[in-house]
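Below, each chain spelled out in residue letters.
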Amino acid sequence: MGKLLFFIPDQASSVASDVDLFFLFMVLVSGFFSLLIAGLIVYFAIRYRDSRPEETRRPADDIEDPATHGHGEAPIVLEVVWTAIPFAITMVMFTWGTSLFFTLSRPPAGAMQIYAVGKQWMWKFQHPEGVREINELHVPLGQNVKVTMGSEDVIHSLFVPAFRVKQDVVPGRFTQLWFKATRTGTFHLFCAEYCGTQHSGMIGWVTVMEPNEYEDWLAGGGAARGGQTLAQMGERLFNERACNTCHLPNGEGRGPSLVGLLGKTVKLESGASVVADETYVRESILKYIRESILNPAAKIVAGYAPQMPTFQGQLTEEQLLELIAYVHSLGQTAAAEGKKP
Ligand code: CUA
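Small disclaimer: the values here were computed from a predicted structure and weren't measured.

S.K.: Would you mind showing me how to read the nonpolar core here?
M.R.: For soluble globular proteins, the rule of thumb is that nonpolar side chains tend to be buried together. In terms of nonpolar packing, the biggest core is built from 31 residues, with Trp 123, Phe 125, Val 147, Leu 158, Phe 163, Phe 179 and Val 206 touching the most fellow members. If near-sequence neighbours (up to four positions away) are discounted, Phe 179 is found in contact with Leu 137, Val 139, Gln 143, Asn 144, Val 145, Val 147, Phe 163 and Val 165. Membership of the second largest hydrophobic core comes to 23 residues, among which are Leu 230, Leu 261, Ile 289 and Tyr 326.

S.K.: Where do I start with the sheet that holds strand β5 (residues 144-151) in this structure?
M.R.: For sheets, the rule is that strands pair by backbone hydrogen bonds, running either parallel or antiparallel. Strands sit in the order β3-β2-β1-β5-β8 across an open sheet of five strands; the sheet is mixed. Bordering the open sheet on either side are β3 (132-134) and β8 (175-180), each of which pairs with just one other strand. Between one strand and the next, the sheet's axes are offset by a mean angle of 25°, whatever the strand orientation. When β5 meets β8, the two strands line up antiparallel, connected through six bridges. Residue Val 147 lies in a different strand from β8, and its bridge partner there is Leu 177.

S.K.: Help me out: how do you make sense of the pairing of strand β10 (residues 204-209) in this one?
M.R.: Taken residue by residue, a regular strand's side chains alternate between the two faces of the sheet. With five of six residues buried, β10 lies mostly within the body of the structure. With five bridges joining them, strand β4 (residues 136-140) and β10 adopt parallel strand pairing. Its bridge partner being in β10, Pro 140 is matched across the sheet by Met 209. Where strand β9 (residues 185-191) meets β10, five bridges bridge the pair, whose relative direction is antiparallel. Pairing of Gly 185 across the sheet is with Val 208, part of β10.

S.K.: It is not clear to me how the environment of Gln 120 should be interpreted in this structure. Could you clarify?
M.R.: With respect to the secondary-structure elements, Gln 120 resides in the loop between β1 (112-119) and β2 (122-126). Residue class for Gln 120 comes out partly exposed when judged on its relative accessible area of 33%. Sequence separation between Gln 120 and Met 202 is 82 residues; the distance between their C-alpha atoms is 7.9 Å. In this structure the side chain of Gln 120 is engaged in a polar contact, spanning 2.9 Å, whose partner is the backbone oxygen of Cys 195.

What counts, and where the lines are drawn
Along each chain, residues carry numbers from 1 onward, in the same order as the chain's sequence is written. Given that the model is predicted, a residue must reach a pLDDT of at least 70 before its local features are reported, and side-chain atom pairs must reach 80 or more before they are shown or counted; all residues, however, enter totals for whole chains, interfaces and linings. Side-chain figures throughout are based on the complete set of non-hydrogen atoms in the structure, without hydrogens or water. Throughout, nonpolar core names a set of buried Ala, Val, Leu, Ile, Met, Phe, Trp, Tyr and Cys residues whose side chains join them through atoms within 4.5 Å. When a residue's accessible area, from a 1.4 Å probe over protein chains only, is under 20% of the maximum for its type it is buried; when over 50% it is exposed; and in between it is partly exposed. Contacts were defined at the residue level, with two residues in contact if any of their heavy atoms lie within 4.5 Å. We treat two strands as partners when DSSP finds at least two bridges between them. Numbering of helices and strands starts at the N terminus; helices are DSSP runs of H or I of at least 4 residues and strands are runs of E of at least 2. Under this scheme, a helix contributes an axis fitted over its contacting stretch, all axes are lines through C-alpha atoms, and angles between N-to-C directions fall in the 0 to 180 degree range. Within 3.5 Å is the distance limit for a polar contact, defined as a pair of N or O atoms, with the added protein rule that one can donate a hydrogen and the other accept it, and that residues adjacent in sequence qualify only through two side-chain atoms.

And the structure:
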């Protein structure tokens, strides 16, 4: 379908042709009915025009309009048909659109994780291996990539037309999108939410590489940064900000231990609990860690006093992501150890 419709962007992700097919369906249905209705209006206006001289016509309010007296002889079948057909068509739109929406909004398990931060006026991307990029994103071909995004200031929106993905980036929370690139090459990325003077300049490129080329690229970039992964940068920050003086690994500090937090059910002082399950509620644990850093009093782990200071305004979005990556890495270590006999 690609070259037949010359005006649509490149199709470079696994969902692109599905999105285009659905879009085409919507355009055809809407176009068909718009033309039909507009055409009939014009046709009826000409076909049933009153061509008699003006002085011989009856006044307009003298004419009996059958439509104002119920539907006269219009059969019930007609009523049913013109209700049922639009209903069926809109239900097709609804179910098709919804299933596509769910596909687009649920990253597949095991997707590669990229972190992104939008700020006036640039996109910052971080690979878990530690490589950072600005207004550029390198990804491997044929691999599911999940982008978890935060904003440093106002609402932005990450848009890659060739992948048919677009997601708002909202201050104070994480949002995400995912894609699987199906073609190597370089594709435009945009900010699609007006965010200030330089909004139109908040653009860049996604480069899709063969997996082995991507590995080489990562290795090169990693070396340039001293080889620190995102989790290691988070660990450094964890020590710099003295988080480690309270969150002792053995749980005997003033704050709860964060080791093995993922995959655990955390009992809160309020009696409620937060399930920190890696696969199923990954998003809720992201939110939970974020909230606990910025607003520590919101959810107090049972047995601990609410004495942690807030870090609101003291950490950039990127530093938050580093800390979260570090806590994640603690969880994974513990889970791996737990599986040993
Ligand atoms: Cu960021 Cu528009």
